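Listed here are the chains, written in short residue letters.
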Amino acid sequence: MTDEVKTTSGPNRRTVLEVGFSGAMLAATAGLPLTAAGPAAAAGPTLSGHRPAAGSWRRYVQGPSGRMVRPVRIVRSDGDVTRPDALLTPGGKVAVLRRAQPPTAPRWPEGTAVEASSTHAGNNGNDGRPRTYEAKNAVDGDLSTFWNDDTERDFPDSLTLTTPEEQELSGLTVVSSTDGVPTAFTVAVWADSAWRTVATVTGNSAVQRAVRFDTPVSTTRVRVTVTAAQDLGRGVFTRINEVWPEAMDPVVAPSVTLDFGKVVVGYPKVDFAWASDNHPGVRLAFSETLQYLTDRSDFTRADQAGGAGQGTDQYAVPAGGASWTDKKGYGSDGDKVYADGLHGFRYVKITLDALPSDAPAAQPWGTVAVDAVSLDFTAYIGTPDSYRGWFLCSDEELNRYWYGASYTNELVVDTFRKDDVDPRNAFSASLDGKLVLHDGAKRDRDPYVGDLAVSGRTLYLTHDEVAEAARNVLADLAEHQRDDGWIPPASINNYTLPLFDYPLWWVTCSWDYLLYTGDRDYAARYYPQLVKVLDTWYPSVTDDAGLLSKGLNGTAGYGDYAFLGRTGRVTYYNANYVQALGDAARIAVHLGHAGDAQRWQERAKKVAQAINTHLWDESAGAYLDSATGAVRHAQDGNAIAITSGVADSERAAAALAHLDKTTKRRYGNAFMDNDTLFGGASQRVYAFTSYPELVARFETGLADSAIDQIKRTYGWMDSHDPGITQWEGIGPDGSLYEDAYTSMAHGWSTGVLPALTHQLLGAKPTSPGYATWDVRPHPGSVDWAQGELPTPQGPLGVEWTRKDATFTLTVRAPRGTLGSVALPTDGHRVTVHSGGRTLWKNGRATTSGVRPEAGYVTVSGLQQGTHRFTLVRES
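Residues numbered from 1 in each chain as written. Predicted model: local features only at pLDDT ≥ 70, side-chain atom pairs only at ≥ 80, totals over all residues. Heavy atoms only, no water.

(A) Inspection of the environment of S549 at higher detail. Tracing the backbone through its elements, the reader meets S549 in the loop between α8 (527-537) and β25 (550-553). For S549, a relative accessible area of 12% translates into the label buried. On a C-alpha basis, the gap between S549 and R283 in space is 50 Å, while along the polypeptide they are 266 residues apart. Aside from chain neighbours lying at most four places away, what touches S549 is F500, V541, D543, T555, G568 and R569. (Helix = DSSP H or I, 4+ residues; strand = E, 2+ residues; numbered from the N terminus. Buried < 20%, exposed > 50% of the residue type's maximum accessible area, 1.4 Å probe, protein only. Contact = heavy atoms within 4.5 Å.)

(B) View of the pairing of strand β21 (residues 366-377). Burial runs high along β21: 11 of the 12 residues are buried. Relative to β21, strand β3 (residues 68-69) is paired through 2 bridges, and the arrangement is antiparallel. Its bridge partner lying in β21, M68 is registered against D376. With 5 bridges connecting them, strand β6 (residues 95-99) and β21 associate as antiparallel partners. Across the sheet, the residue bridging to L97 is V368, located in β21. In terms of strand pairing, strand β14 (residues 255-275) meets β21 through 9 bridges, oriented antiparallel. Pairing of W274 across the sheet is with A369, part of β21. (Pairing = 2+ DSSP bridges.)

(C) Inspection of the pattern of salt bridges at higher detail. Tallied over the entire structure, the rule returns 51 salt bridges. Notably, a salt bridge pairs D718 with R400, separated by 3.1 Å at the nearest N-O pair. Pair noted here: D718 is in helix α14 (residues 703-719) and R400 is in helix α2 (residues 396-412), with a separation of 318 residues, a long-range link. A salt bridge links D583 to R586; the nearest nitrogen and oxygen atoms lie 2.8 Å apart. Note that D583 and R586 are positioned in helix α9 (residues 571-591) at a spacing of 3 residues, about one turn of the helix. Residue class for R586 comes out partly exposed when judged on its relative accessible area of 42%. (Salt bridge = Lys/Arg side-chain N within 4 Å of Asp/Glu carboxyl O.)

(D) Structural context of the packing of helix α13 (residues 687-699) against α14. Interhelical geometry of α13 versus α14 gives an angle of 160 degrees and a closest axis separation of 7 Å. In terms of axis orientation, α13 runs roughly antiparallel to α14. At the point where α13 passes α14, the crossing takes the left-handed sense. The segment α13 lies against α14, with A687, S690, E693, L694, R697 and F698 engaging A703, S705, A706, I707, Q709, I710 and Y714. Looking at the contact of α13 with α14 residue by residue, the class counts come to 8 nonpolar, 3 polar and 2 charged. (Axes fitted to C-alpha atoms, helices over the stretch in contact; angles between N-to-C directions. Parallel < 35°, antiparallel > 145°, perpendicular 65-115°, else oblique. Left-handed = near helix turned anticlockwise from the far one by under 90°. Nonpolar A, V, L, I, M, F, W, Y, C, P; charged D, E, K, R; others polar.)

(E) Layout of the confidence of the model for the protein. Across the protein, the average pLDDT comes to 92, with 92% of residues at or above 70. Across residues 1-55, confidence stays below pLDDT 50; counting only partners more than four residues off in sequence or on other chains, it has 115 contacts. (pLDDT = per-residue confidence, 0-100.)

(F) Here's a closer look at unusual backbone geometry. Put simply, F155 and P156 share a cis peptide bond, and its omega is 10 degrees. Following the sequence through the fold, P156 ends up in the loop between β8 (147-148) and β9 (157-176). Residue D444 follows R443 across a cis peptide bond; omega there is -10 degrees. Secondary-structure assignment places D444 in the loop between β24 (435-437) and α3 (449-460). Positive phi, normally seen in glycine, also occurs at D192, with a value near 55 degrees. Within the secondary structure, D192 sits in the loop between β10 (182-191) and β11 (194-201).

(G) Examining the packing of aromatic side chains more closely. The full count for this structure, using the stated rule, is 44 aromatic pairs. For the pair Y561 and Y572, a centre-to-centre distance of 5.4 Å together with 80 degrees between the ring planes defines the contact as edge-to-face. Of this pair, Y561 sits in the loop between β25 and α9 while Y572 sits in helix α9, placing them 11 residues apart in sequence. Each member of the pair, Y561 as well as Y572, carries the same accessibility label: buried. Centroid distance Y561 to F688: 5.3 Å. Interplanar angle 55 degrees. Geometry classified as tilted. Of this pair, Y561 sits in the loop between β25 and α9 while F688 sits in helix α13; the two residues are 127 residues apart in sequence, bridging distant segments of the chain. In terms of burial, Y561 and F688 fall into one category: buried. If you follow K327 out to its NZ or CZ, it ends over the ring of Y267, 4.6 Å from the centre. The ring of Y573 has R566 lying over it, and the distance from NZ or CZ to the ring centre is 5.6 Å. (Phe/Tyr/Trp six-rings, centres within 6.5 Å; stacked < 30°, edge-to-face > 60°. Lys NZ or Arg CZ within 6 Å of the ring centre and 35° of its normal.)

(H) View of the sheet that holds strand β32 (residues 784-789). The 8 strands lie next to each other as β22-β32-β33-β34-β41-β36-β37-β38, forming an open sheet whose pairing is antiparallel. Each edge of the sheet is formed by a strand with only one pairing partner; in this case those strands are β22 (390-393) and β38 (844-845). Relative to β32, β22 is paired through 4 bridges, and the arrangement is antiparallel. Each residue of the ladder has a partner; that of F391, found in β32, is G787. Lying on the sheet, helix α15 (residues 752-761) is in contact with β22, β32 and β33 (796-803); it crosses β32 at an angle near 115 degrees.

(I) Molecular detail of α9. If you check α9, its first and last C-alpha atoms are 30 Å apart, about what 21 residues at 1.5 Å a residue would give, namely 30 Å. In terms of residue burial, α9 counts as a mostly covered element, since 18 of its 21 residues are buried. Of the residues trailing α9, G592 is marked for its positive phi of about 85 degrees. (Expected span 1.5 Å × (residues − 1).)

See below:
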């Protein structure tokens, strides 16, 4: 039978096709605007082919409108500061910071001897210059030298001063290092042939601490005994720069702390109107959170590299003023004043101060007038007009998290520049000047392929015109493949960082890149590397059961995404292997290498069988983390075992139930079910490994469980400082899992975005370049959702709504593609209509191309145009 085709002219001179069913062909109408869906439809977009009006999804976009970004508020000011609010309105009044010249510090008499309980060996310090840490440094009058004990984290430490003749003291001052001040110490004097404590200090956080005695004492010997010191990540030692024989309160250093409203990244810029003529210094401290905003930045590359920094960025202000952009290196006069350059931060503290070692180029006193503070934003700018894909649903929280993920990812899409990348030998001439996806905005500023497994998908679904950022990374790593087939995880350590799992992620990321972009040239060019890593390197670390086993072929010291001390047969590695073999087989099929595809598919089946035989823990109803050592069950292995197809439906349900029972926290799901791997593992949440668990929950019919996990994980990050952006990891009680070092804007944590688009909205590509696609919503408690996915042929638009017993789904398919839709039945008998025709009724199809499939009615063969379906539960 031949179906009738009618052609009519639409109101906007579009061609409208009304096509009946012929084999797999479905009714289609091309170019018609859709009816807005959902109870909030008036505010939402439609799929007419035009971009939605402002006031819909656009209001969630977080990116700046241009490269210049300014702070939004003053957090606080301290000391002598006039008009700090002027920094928010440049070009008018100025903020003025004033600091009096400090008095000359008192000195101990000539001949004073100093002894210490221990002394750290000399080295080249943090500026490459030889230095010592002897006790005498504490009385030499030079604030840039200091005594450092040699017993890290082991207290007490003592410093004893002996004067040539008796001194009368009413107190003293202990000046210490910003690397970590003594938090608790006592002062004792020698009197009547015995030591007598004259002062006890606890809870100290001051670099310059004046200590006053209750009554003056006369003595020839003074002892400072330290019992605790700050842990700022730079070694817990006792460090004392100077001890002065008088209690001297510090002259408060004037400072202003500014808030940029969210994490930003780039080169800070300060416009100085004028300054006193003594070259007053300013020090800038940056932090992503107020918790870790101190007199030091929460992170600097100079500190990480053992370079010239002191935890802040310094500048000497000329009398005539200047417009200063914070770039890495020393001041233009070639003197000691050093700045670290690019920062990822939300807060900046500007202080009138200078390092002692910067004298005379910069002085810690004087007057500085500041007109404006801004940032030269270097990352990708995501504006409403730049989005090629978008998402909107009836749940306000989910919308915020989707666009928070997009902004987080925009912050890591940046140009690879020598001065800005991770200082641990990550610079590579082969990447220099290219657009890449970095690990994080603050750190690590290096492209890691494991992170790309998530951040790449986020990029393809939002700003696909910069997909080159992913290609540049994947291609560069392939070109640095080792002779034995191993592919490096990143350029760090000159491409030698030994990770066991990341070559598998390179395979999966290569498939993702081909799937979303259709870039066949990339796949063909790097196919030999694909073959070599799967057929040479991974077989070299495969045991007699057919499982990857870390420890074989010299891999005992290899790490993984979290540098975990796992050995032997690990479920995560092997489930990843199954996933990578399947992805490689898809690439092989696309390129016409049928033999390779068959070989990898067969190997994947054998590995999956071996996982189920050797790594399934029947008593727990979950996969073991490792067959070696203590019994534990990990989120990563169990989740990817489900998403890769290793687990059947029964095992999948049991594993997810086990994770629910053992890892559920108010800030997400922990990545381990106990602490046998390391202390606190069962309290640590990685959004990176949570992403496959979210996918697993959605796709096994646990949509509400997935949404609950999203709201706990991303709701926690969204509602805690710095807000909006998504963290590298969450520690016990929702803390920053690595304290100040934690990256608070990390691309690998943005899995909520592809999960909401691919699983909740339900749309995803199924063959390279979206040649074929599938729409399979998992609504859960959400009433309606809509969005677009960017494809090489144009947007794939999806819109669905459910109300009472009715579920309506509309899809707008781009030219040259073929797809299918699946309408959720929720276990009910349903009727499905489309274009005035009944497709499904009384439990059976009424036309070809329609079939039942695990809780869905599936309709296949959809070509370009607009397709609308209505499912009604039968009473």
